[in-house]
Amino acid sequence: MAAVAAGAGLLMALDVPQERGLAHLDQRFLDGLEVCRFPLLPFLRPLPLDWMYLLHATMFLGALGIMVGCCYRLSCVAFLGPYWYLLLLDKTTWNNHSYLYGLLAFQLALLGADRYGSVDGLFRPQKRNAHVPLWNYTLLRAQIFIVYFIAGLKKLDADWVGGYSMGSLARHWLFSPFRLVLSEEMTSLLVVHGGGLVLDLSAGFLLFFDTTRPLALFFVTYFHCMNSQLFNIGMFPYTMLASSGLFCHPSWPRRLCARCPPWLRGVLPSTTPPRPSPDCHYGGRGARRGGLRPRQHLAAAFTLLYVLEQLFLPYSHFITQGYNNWTNGLYGYSWDMMVHSRFHQHVKITYRDGLTGEVGYLKPGVFTQSRRWKDHADMLKQYSTCLSHLLPRYNVSQPQIYFDIWVSINDRFQQRLVDPRVDLVRAPWSPWSPTPWLLPLLLELSPWRERLQQLESRLDGHTDAVFIADFPGLHLENFVSEDLGNTSLRVLRGEVLVELVEQHRNRSLREGEGMQLPAGQYHKVHTVSPEPSCYMYLYVNTTALALERNLTRLQELQERVRNGTEKEPLPPELQPILGEPLAAGAAADPVVTAFLRRQRRLEEQNRRREASMAQRLHRFLRKKFYLFRRSALMTCISLRNLALGRPPLEQLAQEVAFANWRGEEEEVQPEGSGSGGGQGGPEL
């Protein structure tokens, strides 16, 4: 118990500067920042920035106190209170492992995890090396069992069993050994989806029994180590690894310490058997004889009720129906981990001035710091309400807000999430009833996924497709970029009316029919059939294709010059491809600039790929060092501000600049790495 608490405390402390955001609090909670937030409880508001740093510092110290068992109960409260406040303050940060940390902290606050190897034990002999009541182990073991088992039950979903949830994960290098004997499709179906389902369903049972525990420890260790490389999920894999020790015999830390060298045992916890505890009931064999005390009855009742509550909560979505979307409930407390993957093709936010009728458009995500709002009706309602309060500052009176969100879930058609005709500022929403303006997921079109994959497999390397499904009576307004010089639309099901806006003409298309779409113009696709229509865009980015051909020619020219087979002298504008400076007065060729940028990017990728293990470890530790350094310095600045007041702005700016300093950067960031590298689809 104490070993697991120490491991959990350490991981929680490491988590505070990283996933809890201590290193970048000033970017999220800067005083006066105009930003829309998404609290679970409407009355929750963030504290001023300096107080938020104090809150995170308290949480960090609480985690350290849990780790070493110093002022244990107080440390648990110091971590638990700020943690749940921050979790409830922003639903966009919710995920299953953040929820699990909060549950574990709550449980540890009630348990006797400070009775072995703790600082408290040095000053309170009655706690030192004492027995821990069995209900303590039962509570934690049940929690970890529920995480595994409910996650397995959620993976019985047809999308997961069919291999659609994490379709591209099998391409990761971690699965390359499996691809030696299986195709990528079978690796995804059998290893990623089948293996994940079997492990989650069986891990809790296998860990419980002594005979199967070694096998379970091997597989869960392998599983969580893989997850740490596959997903950006913070300390969760390591927390689950640390929790595996709960299922082993309670004496394993003592046996481990007993195997250490004698010179080391002096600083390690005791290896002697634990003493009887007055909190435990031993029947007729222990320190306390007689029946159970009321406190022990209460502990047993609490354990039973807590386990029942945790079994019920993942299936309680019939109560909180307002949080149900295409998936049930807010993502984060149902253990439906990785079951649903989404791809957003298009998000449009339209505002209308309630007095003048003027219509305008907002950049998706404006005034927010997250993208999670796009998938949840309750957050869309909060976002629209926030926008209605902010837009009057920009001369928009009584604003009406409309969302048009197109998303594909688990490789289905792209379709609308909400009705684009509904003003969400005035639209009804309640946590206890279904959301009326939420459009249903077209489950009847799920069998089309296999056909869509077949259609995509027939395309050449330069042609891409976007598959659309729309409801009767609605239309899609789309602009075909001039870069997409070869774009066509083909109907797969139903009937649509294509309106070419600038040409003032319409064309009706039925199933199997198609047409070419003009580039650089708007068009509207109206669904006129009584059932939902399905159609696809086929497009070729002719600009990107021409650029790729030019870059290939430059690559071939560079190789010919270097191996001496090119006899013609290079013109001045092409000299930079050999590493020579551009001649004076010569204009830079944009194609050559793009070629050099790509060369630098490829060289950087090769350098990273060929780096030794020591170099990779150095880069990792260096990154973490500067993250923790900034966390510590910014916290010190804020605590100084609270104690002594804020200094002049010039001094404060210098202090923040020092906290941001990262030394002489060894890694050159490739130009243009953040955007523009991919070939996008037509702008829906």
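None of the values given here were measured: they were computed from a predicted structure. (Residues numbered from 1 in each chain as written. Predicted model: local features only at pLDDT ≥ 70, side-chain atom pairs only at ≥ 80, totals over all residues. Heavy atoms only, no water.)

> Even after reading the chapter, I still don't get the overall build of the protein chain, so can you show me in this structure?
In terms of helices and strands, the protein chain carries 21 helices and 12 strands. Projected onto the principal axes, the alpha-carbon positions of the protein chain cover approximately 95 × 65 × 65 Å. Counting across all 684 residues of the protein chain, residues that qualify as buried make up 47%. For the protein chain, the computed accessible surface area is about 34900 Å², with 60% contributed by carbon and sulfur atoms. The positive charge centre, built from 70 side chains, and the negative charge centre, built from 60, are 12 Å apart in the protein chain. (Helix = DSSP H or I, 4+ residues; strand = E, 2+ residues; numbered from the N terminus. Buried < 20%, exposed > 50% of the residue type's maximum accessible area, 1.4 Å probe, protein only. Areas by Shrake-Rupley, 256 points an atom, 1.4 Å probe, with all protein chains shown as cover. Lys, Arg positive; Asp, Glu negative; His and termini not counted. Charge placed at Lys NZ, Arg CZ, Asp CG, Glu CD.)

> Whenever I open this one, the packing of helix α10 (residues 184-208) against helix α11 (residues 213-230) confuses me. Can you help?
Each packed pair of helices is defined by two parameters, the angle between the axes and the distance between the axes. Where α10 meets α11, the axes come as close as 8 Å, and the angle between the chain directions of the two elements is 140 degrees. Classified by the interaxial angle, the pair formed by α10 and α11 is oblique. Of the two elements, α10 crosses α11, and the hand of that crossing is left-handed. Facing α10, whose interface residues are L199, D200, A203, L206, L207 and F208, α11 presents R213, A216, L217, F219, V220 and F223. (Axes fitted to C-alpha atoms, helices over the stretch in contact; angles between N-to-C directions. Parallel < 35°, antiparallel > 145°, perpendicular 65-115°, else oblique. Left-handed = near helix turned anticlockwise from the far one by under 90°. Contact = heavy atoms within 4.5 Å.)

> Would you mind going over helix α1 (residues 2-15) with me for this structure?
It helps to recall that an α-helix has 3.6 residues per turn; residues three or four apart then point in one direction. Taking 1.5 Å per residue, 14 residues should reach 20 Å; α1 reaches 20 Å between its end C-alpha atoms and fits that length. Burial analysis of α1 places 10 of its 14 residues in the buried class, the great majority of the element. Packed against the buried residues of α1 are α3 (49-68), α4 (72-89), α5 (96-110) and α12 (236-243). (Expected span 1.5 Å × (residues − 1).)

> Looking at this structure, I do not really get the state of the cysteines. What am I missing?
On inspection of all chains with the given rule, the structure shows 1 disulfide. The structure places no disulfide on C70, whose sulfur is separated from the nearest cysteine sulfur, that of C71, by 4.1 Å. Residue C70 is classed as partly exposed on the basis of its relative accessible area of 31%. Just so you know, C280 is unpaired, no disulfide at all, and the nearest cysteine sulfur is the one on C76, 18 Å from it. Relative accessible area serves as the criterion here: at 8%, C280 is assigned to the buried category. (Disulfide = S-S within 2.5 Å.)

> How should I be thinking about the environment of P576 in this particular structure?
For P576, the location among the structural elements is in the loop between α18 (542-563) and α19 (590-609). With relative accessibility at 15%, the residue P576 sits in the buried group. Sequence separation between P576 and D589 is 13 residues; the distance between their C-alpha atoms is 9.7 Å.

> Help me understand the sheet that holds strand β11 (residues 521-527), please; the structure alone is not making it clear to me.
Sheets are built from strands that pair by backbone hydrogen bonding, the pairs being arranged parallel or antiparallel. The sheet built from 4 strands is open, its strands ordered β6-β11-β8-β9 with antiparallel pairing. If you trace the sheet from one side to the other, it starts and ends with β6 (475-480) and β9 (505-509), each paired once. Put simply, the sheet's adjacent strands are angled 20 degrees from each other on average, direction ignored. Alignment of β6 against β11, held across 6 bridges, turns out to be antiparallel. For H475, the partnering residue across the bridge sits in β11 and is H526. (Pairing = 2+ DSSP bridges.)

> Which parts of the structure should I look at to understand the packing of α18 against α19?
α19 packs onto α18 with a crossing angle of 70 degrees between their chain directions and a minimal axis gap of 10 Å. As judged from the angle between their axes, α18 and α19 are roughly perpendicular. Seen from α18, the contacting residues are L547, E548, N550, L551, T552, L554, Q555 and Q558; seen from α19, they are V591, V592, A594, F595, R598 and Q599. Residues of the contact of α18 with α19, tallied by class, amount to 7 nonpolar, 5 polar and 2 charged. (Nonpolar A, V, L, I, M, F, W, Y, C, P; charged D, E, K, R; others polar.)

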